[in-house]
Amino acid sequence: MIVLCFLIVCVTLGLCSSGRTMYLTAITDALGFKRSAFSLNDTFRFVTTTVVSLFFGPLVNKFGPKKLICAGFICLIAFALINSVATELWMFYVGGVLLGVGLAWTTTTMMSAVVNIWTKEEHKGKVTGAILSANGFGGAVAVQILTPIIFEEGNPFGYRNSYTLVAIVLAAVLALVIIFFRDKPKGAENVKIEKKQKKARGRGWVGMEYKDILKKPYFYLACICIAFTGMALQGLGGITVPHMYDLGIDKQLVATISSFSSIVVMFTKFLTGFIYDKKGIKVTMNICLACSFVSLIALVFVTNTPFGIVLAFSRMVFAAIALPLETVMLPLYASELFGNKNFSNIVGIFSAVNYAGFAFGAPLANAIFDIFGNYNYAFILFAALMIFVTITMQFVVRAARKDRKIIEEAEAALEATESEVVA
């Protein structure tokens, strides 16, 4: 099941999400679209994922993971086929909606639910990181295979052949899911996922009632921070490749830089889960946040020079360490801050606000490009957002730990009283 989940993430995020940055310049140049107008398809994608993620808990409890994953693959195949023939902006927007639904049911949120069903408590952080690291592997392979197809010499519409190939690969993996995927281990109780969710670290805690969570100011601060993080990291990931193209860096060299980043992401997502299991949420979070700031600022100084190329490679390491903030860290935030009781609901909300940030990140960055002729001001804006997030999340974690201590002390007192009664 873990291998199959790795493969699912590899082809969905790797081919359909990570590889999308390569298409921006190819499609806009071939069809004469403005970048800001074309990037609205990302807005449609992320708004759709935001809405779908809000209903993740009820849907997965009603239909089970397998049916939703299969439906997600069908949407992704339709997205790739539509983009392979699209000639108008609205057609790409429809593809964006299908992409949003497909990724909502096949990637981070779904994988965290599957891991909680199939994996022992003490290994959930590492396993979640390992599965989501498939995004890096898939992205590295996608860049090397798809770049020559997209930018085929003498063929401005090479991206259409690329989307056709993506659809074929997705169909093949869908067949494997239909044959081998199972909703739960043999003999497992047929209970709702919310009742099975526990904290990724070994000492899971009971958590809060949903109505109490909604009364906590730091819940909304956490949502704002996650949205800003999604906005900044989508800006980081969605425009880095076009930025290097604009600087005149050779496309094959850009593909190599992107592959290098994707390979590093493989290890950093697993490493994030490992560090969390060993050191906890605060250390893990601060490492990722600091690296996001460094990576964004470094992009301002990347140039088409030997020093600039070295900087482009080196900053990819920091970017790879930052990227788990939008994947691995979401279920870890949910379990750490609010516990087991309403895990699926909270991780669905966190995924939704994360994608809401995504929805604004790429269009905002490309609007800045259309105004100023480069992305540097966008990188500076996103870096400022990450400073805000870093400071605010310290208060969020501190407040959540105080409430957790109170709840755990009350639970311990209750257990002690019940033990005395039994004695």
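Throughout, a residue's number is its position along its own chain's written sequence, starting from 1. At least 70 in pLDDT is required for a residue's local features to be given in this predicted model, at least 80 for side-chain atom pairs to be given and counted, and no such filter applies to totals for whole chains, interfaces and linings, which use all residues. Only hydrogens and water are set aside when side-chain values are computed; all heavy atoms of the structure are taken into account.

Helix and strand counts for the protein chain stand at 20 helices and zero strands. In this treatment the radius of gyration is a C-alpha quantity, and the globule benchmark scales as 2.2 Å times the residue count to the 0.38 power. A globule of 423 residues ought to have a C-alpha radius of gyration of about 22 Å, and the protein chain, at 21 Å, matches this closely. Its C-alpha atoms give the protein chain principal-axis dimensions of about 85 × 45 × 30 Å. Note on classification: 1.4 Å probe, protein chains only; a residue is buried when its accessible area is under 20% of the maximum for its type, exposed when over 50%, partly exposed between these limits. Within the protein chain, the proportion of its 423 residues that are buried is 57%. Put simply, 84% of the contacts in the protein chain that link residues at least 6 apart link residues at least 24 apart. As presented, the protein chain carries roughly 17000 Å² of accessible surface, and 68% of it is formed by carbon and sulfur atoms. Under the convention used here, Asp and Glu are negative, Lys and Arg are positive, and both His and the chain ends fall outside the count. The atom standing in for a charge is NZ when the residue is Lys, CZ when it is Arg, CG when it is Asp and CD when it is Glu. Looking at the protein chain, you have 36 positive and 25 negative side-chain charges, and the mean spots of the two groups are 3 Å apart. Counting from the N terminus, the helices are the DSSP runs of H or I reaching at least four residues and the strands are the DSSP runs of E reaching at least two. Any two residues whose heavy atoms approach within 4.5 Å are treated as being in contact. All accessibility values rest on the Shrake-Rupley procedure with a 1.4 Å probe; residue burial counts only the protein chains present in the view.

A helix is expected to span 1.5 Å multiplied by its residue count minus one. The end-to-end C-alpha separation of helix α11 (residues 158-180) is 34 Å, in line with the 33 Å expected for 23 residues at 1.5 Å each. By the burial criterion, the buried members of α11 are G158, Y159, S162, Y163, V166, A167, L170, V173, L174 and V177. Buried residues along α11 sit in contact with α1 (2-17), α2 (23-31), α6 (65-85), α7 (89-104) and α10 (134-150).

Bringing the environment of L214 into the picture now. Tracing the backbone shows L214 in the loop between α13 (210-213) and α14 (217-246). Once the C-alpha coordinates of L214 and S84 are considered, the two residues, 130 residues apart in sequence, prove to be 43 Å apart. Setting aside anything within four residues of it in sequence, one finds L214 in contact with F219 and Y220.

This part is about helix α5 (residues 56-63). A turn of α-helix holds 3.6 residues, and therefore any two residues three or four places apart point the same way. Burial in α5 covers these residues: F56, G57 and V60. Within α5, the buried residues cover an arc of 100° as seen down the axis, which keeps them to one side. Phi turns positive one or two residues past the end of α5, at G64, with a value near 85°. Taking the helix axis as origin, the arc is that swept by the directions to the C-beta atoms.

Our next topic: the environment of F270. Its place among the elements puts F270 in helix α15 (residues 251-279). When its relative accessible area of 36% is taken as the criterion, F270 is described as partly exposed.

Let's shift gears to the packing of aromatic side chains. In summary, the pairing rule links any two rings of Phe, Tyr or Trp, Trp by its six-membered ring, whose centres are within 6.5 Å, and it sorts them by plane angle into stacked for under 30 degrees, edge-to-face for over 60 and tilted for everything else. Using the criterion set out here, one finds 21 aromatic pairs in the structure. Judged by centre distance (6.4 Å) and plane angle (40°), the ring pair of F6 and F137 falls under tilted. Remark: F137 occurs in helix α10 and F6 occurs in helix α1; sequence separation between them is 131 residues. We classify F6 as partly exposed; its relative accessible area is 26%. Look at F137 and you get partly exposed, because its relative accessible area is 38%. Ring geometry for Y218 and F338: centres 5.8 Å apart, planes at 10°, overall stacked. Placement of the pair is Y218 in helix α14 and F338 in helix α18 (residues 329-338), with a sequence separation of 120 residues. In this structure, Y218 and F338 share a single accessibility class: buried. By definition, being over a ring means that NZ of Lys or CZ of Arg is both within 6 Å of the ring centre and within 35 degrees of the ring normal. In this arrangement the basic side chain of K251 is found over the ring face of F151, its NZ or CZ atom lying 5.4 Å from the centre. The ring of Y245 has K251 sitting right over it, with the charged end atom 5.2 Å from the ring centre.

To continue, consider the pattern of salt bridges. Whenever a carboxyl oxygen of Asp or Glu lies within 4 Å of a side-chain nitrogen of Lys or Arg, that contact is scored as a salt bridge. The full count for this structure, using the stated rule, is six salt bridges. The closest approach of N and O atoms between K341 and E209, which form a salt bridge, is 3.1 Å. Linking K341 in the loop between α18 and α19 (343-372) with E209 in the loop between α12 (193-196) and α13, this pair joins segments that are 132 residues apart in sequence. Residue classification places K341 among the partly exposed positions, given a relative accessible area of 34%. Among the residues examined, E209 registers a relative accessible area of 38% and is labelled partly exposed. A salt bridge links K211 to D212, with the shortest nitrogen-to-oxygen separation between them at 3.6 Å. Residue K211 is classed as exposed on the basis of its relative accessible area, which comes to 53%. Taking relative accessible area as the criterion, D212 reaches 27% and is therefore assigned partly exposed. In this structure, a network of salt bridges that share partners links the residues E336, R404 and E408.

We call a set of buried residues a nonpolar core when its members are Ala, Val, Leu, Ile, Met, Phe, Trp, Tyr or Cys and they connect through side-chain atoms within 4.5 Å of each other. If you look at the biggest cluster of nonpolar residues, it comprises 126 residues, and the most contacted ones within it are F73, M111, Y333, F338 and F350. Tallying contributions element by element places α14 first for this core, with 15 residues. Each residue touching M111, except ones within four places of it in the same chain, is listed here: C5, I8, V9, I69, T106, I131 and L132.

Our focus in this paragraph is a nonpolar patch on the surface. A cluster of nonpolar side chains, F260, F293, V294, V317, F318, I387, I391 and F395, forms an exposed patch at the surface whose accessible area comes to about 650 Å². Sorting the residues of the nonpolar patch by element identifies α16 (281-300), α17 (306-322) and α20 (376-422) as the ones contributing at least two each. In terms of residue count, α20 provides more of the nonpolar patch than any other element does, three residues in total. By secondary structure assignment, the location of F318 is in helix α17. In this analysis, a patch consists of residues with relative accessible area above 30% that form no salt bridge, clustered at 9 Å for like charges and at 5 Å for the nonpolar side chains Val, Leu, Ile, Met, Phe, Trp and Tyr.

You can read pLDDT as the predictor saying how much it trusts each residue, on a scale of 0 to 100. In this model, the protein chain carries an average pLDDT of 85, and 93% of its residues clear a pLDDT of 70 or more. Here α12 is the element of the protein chain with the lowest mean pLDDT, 43, and α6 is the one with the highest, 95. Long-range and interchain partners of residues 190-203, a stretch whose pLDDT sits below 50, account for 50 contacts in this model, where long-range means more than four residues apart.

As a further point, take the side chain of S84. Assignment of secondary structure puts S84 in helix α6. Residue classification places S84 among the buried residues on the basis of a relative accessible area of 11%. A polar contact of 2.5 Å, which involves the side chain of S84, links it to the backbone oxygen of L81. Excluding its chain neighbours within four sequence positions, the residues that come into contact with S84 are R160, Y163 and T164. Polar contact criterion, stated in full: a pair of N or O atoms within 3.5 Å, where within protein one must be able to donate a hydrogen and the other to accept it, and residues adjacent in sequence count only if both atoms are side-chain atoms.

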